[in-house]
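Below, each chain spelled out in residue letters.
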Amino acid sequence: MAEDLNQLLKVRREKLANLQEAGKNPFEITRCDVTHHSMEIKENYDALEGQVVTVAGRIMFKRVMGKASFCNVQDLQGNIQAYVARDNIGEDSYKDFKKYDVGDIVSITGEVFKTKTEEISIHASEVVLLSKSLQILPEKFHGLTDTDMRYRQRYVDLIMNQEVRETFVKRSKVIRSVRNYLDGQGFMEVETPILVQNAGGAAARPFDTHYNALGEDLHLRISLELYLKRLIVGGLEKVYEIGRVFRNEGLDTRHNPEFTLMELYQAYTDYHGMMDLTENLYRYVAKEVTGSEIIHYGGHEMDLSKPFERITMVDALKKYADIDFNEIKTTEEAKSLADKLHIEYEDRHEKGDILNLLFEEYVEEHLIQPTFVMDHPIEISPLTKKKPDNPDYVERFEFFMNGWEMANAYSELNDPIDQRARFEAQEALIAKGDKEANHIDEDFLNALSIGMPPTGGIGFGIDRMVMMMTDSPAIRDVLLFPTMKTLGKENQ
């Protein structure tokens, strides 16, 4: 089998050499004036019938029948059939065409017509080889089905699987729709550093690097938060950024170490304002991308047209696990409850951490419909304003769909004295071995000291939003080039 494949590859290289020897090197062609794409022709057949068009794409099928042949060319939008006859393109061109391979990239110029079987096609008057494929595409009927290879060779996956191309077209549309909505609300898109001295704003381990020119260790950012808040201090009242962040954590169906995050901050509002924005944004994006405010994922139907449920974390635990955490007064009582329920925790964990662990264990899986879970314990929310009537909890919400956290939002802490105390508590956690806690950021504290207005902020995982809008089961299915272990090291 390997010998047969090597022979086929050898034949393709010989064909290229013959073309080059004859002065027909396809790699010397620098451009092609495409006039139409496949679906454009099919959708506008009545207007284009009999008109001359030029399409370009990859040959995916070819049938030679003496003096006339058919081929199928695939472009961005889909595919279209071409009828190629010797008498129309010339004897020499037809000889060349007969030697073209599936996978070659060509341009076809000709009149739009329908065959006897009513298939919209192009009657070719010219076929030009634009690029010679020297590799063999996967067998056409089974496509590229090896999941690992699909992710490693996404370029082949995009060629062989139409639904994959459609997913990434939709991904682009999701991001464009998010931008359109926020721009329409008066937000300003900005860019902040990726290489940072202090990777804060989230509970995650950063990737570390070294900047030779300055002789300093730096980190890849884990969040966009602290720089965007500096801009609120500077008077930019509505800002957002869509960008890559990097977290040194594991891989699974919902996590990739580099992913796309959108964070926005708005002065003079709070987490209730962020809930309203989230509802409206998700409805807008769903309508733009899927055409409906009802989306389907993994067998679930989620209705975005209805008001999203709003429930506190404590009430959610009561609702789904019949545990009344209001009765728990101390960390010791919380740990005793966790022991009783066989919930694992660390020695450093306090009462609020235990509440969060119970929530993850008993509640998250039930949050299928769009739900805002509000009022988190202060221990897990170092950048959030306390609730004035209950300082053990903060004005924070997480947005859930399909049992997943889709967004995280705060009434942002703008008290520099309180923020310093929270950072110091985080430093204490680092001393106890918590590698995901935040270090003190003195420049950020200085910014808060200058004065930040009351502010609402939120972070959206764009990749999970795309998964939801495309019914994709894994985050790797919506990342063009997901993180993969180097071949040969999978079992190390």
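Please refer to the structure placed before this passage.
Report follows, based on the coordinates.

Basis of the calculations
Residues numbered from 1 in each chain as written. Predicted model: local features only at pLDDT ≥ 70, side-chain atom pairs only at ≥ 80, totals over all residues. Heavy atoms only, no water. 1 Å grid on protein atoms, 1.4 Å probe; cavity = no way out; pocket = protein on both sides within 12 Å on 5 of 7 lines; lining within 4 Å. Points joined across faces, edges and corners; volume = space filled by probe spheres on them. Helix = DSSP H or I, 4+ residues; strand = E, 2+ residues; numbered from the N terminus. Nonpolar A, V, L, I, M, F, W, Y, C, P; charged D, E, K, R; others polar. Core = buried A, V, L, I, M, F, W, Y, C linked by side-chain atoms within 4.5 Å. Buried < 20%, exposed > 50% of the residue type's maximum accessible area, 1.4 Å probe, protein only. Contact = heavy atoms within 4.5 Å. Expected span 1.5 Å × (residues − 1). Polar contact = N/O pair within 3.5 Å; in protein donor to acceptor, adjacent residues only side chain to side chain. Salt bridge = Lys/Arg side-chain N within 4 Å of Asp/Glu carboxyl O. Pairing = 2+ DSSP bridges. Axes fitted to C-alpha atoms, helices over the stretch in contact; angles between N-to-C directions. Disulfide = S-S within 2.5 Å.

Let's shift gears to empty space enclosed by the protein. Under the definition given, this model contains one cavity of 30 Å³ or more. Ranked by the residues each element gives to the lining of the largest cavity, the list is headed by helix H9 (residues 225-233), at three residues. A class-by-class count of the residues in the lining of the largest cavity yields six nonpolar, three polar and two charged.

Next up on the list: the nonpolar core. Met262, Tyr282 and Phe397 are the most contacted members of the largest nonpolar core, which totals 45 residues. The element contributing the most residues to this core is helix H10 (residues 271-290), with nine residues. Dropping the residues within four chain positions of it, phenylalanine 397 is found in contact with Tyr271, Met274, Met275, Thr278, Phe372, Val373, Met374, His376, Ala407, Asn408, Ala409 and Ile458. Of all hydrophobic cores here, the second largest spans 24 residues; its members include Ile59, Cys71, Ile122 and Leu129.

Quick look at H10 now. The terminal C-alpha atoms of H10, which comprises 20 residues, lie 28 Å apart, in line with the 28 Å expected from a rise of 1.5 Å per residue. Where H10 begins, one side-chain oxygen reaches toward the backbone nitrogen of histidine 272, 3.0 Å away; that side chain belongs to aspartate 270. Two residues or fewer after H10 comes glycine 291, characterised by a positive phi angle close to 85°.

The first and last C-alpha atoms of helix H13 (residues 351-362) sit 17 Å apart over twelve residues, in line with the 16 Å expected at 1.5 Å per residue. The set of residues buried in H13 consists of Lys351, Gly352, Asp353, Ile354, Leu355, Asn356, Leu357, Leu358 and Phe359. Looking at the buried positions of H13, the neighbouring elements they touch are helix H11 (313-321), helix H12 (331-340), strand S15 (371-374), strand S17 (390-394) and strand S18 (396-401).

What follows covers the pattern of salt bridges. Scanning the model with the defined rule gives 31 salt bridges in all. For the salt bridge of lysine 114 with glutamate 118, the shortest nitrogen-to-oxygen distance reads 3.7 Å. For lysine 114, a relative accessible area of 33% gives the class partly exposed. When the shortest N-O distance is used, the salt bridge between glutamate 279 and arginine 283 registers 2.6 Å. With glutamate 279 and arginine 283 both in helix H10 and four residues apart, this pair spans about one turn of that helix. For the residue pair glutamate 279 and arginine 283, the accessibility class agrees, reading buried in each case.

Looking now at the environment of alanine 202. Relative to the assigned elements, alanine 202 resides in the loop between strand S7 (195-196) and strand S8 (208-211). For alanine 202 and leucine 130, which are 72 residues apart along the polypeptide, the C-alpha to C-alpha distance reads 49 Å. Non-local contacts of alanine 202, meaning those with residues more than four positions away in its chain, are made with Ile222, Ser223, Arg247, Glu436 and Asn438.

Moving on, we come to the sheet that holds strand S2 (residues 68-74). Around the barrel, which closes on itself, the five strands sit in the order S1-S2-S3-S5-S4 with mixed pairing between neighbours. Neighbour to neighbour, the strand axes of the sheet diverge by 55° on average, direction disregarded. Examined bridge by bridge, S2 and strand S3 (residues 79-85) share seven bridges and lie antiparallel to one another. Residue serine 69 lies in a different strand from S3, and its bridge partner there is valine 84. Here helix H5 (residues 91-99) sits on the sheet and contacts strand S1 (52-65), S2, S3 and strand S5 (120-131); the angle it forms with S1, its principal contact strand, is near 65°.

This next bit is on the state of the cysteines. Under the criterion given, the structure shown has zero disulfides. Left without a disulfide partner, cysteine 71 is nearest to the cysteine sulfur of cysteine 32, which lies 14 Å away.

Function cannot be inferred from these measures alone, as they are strictly geometric.
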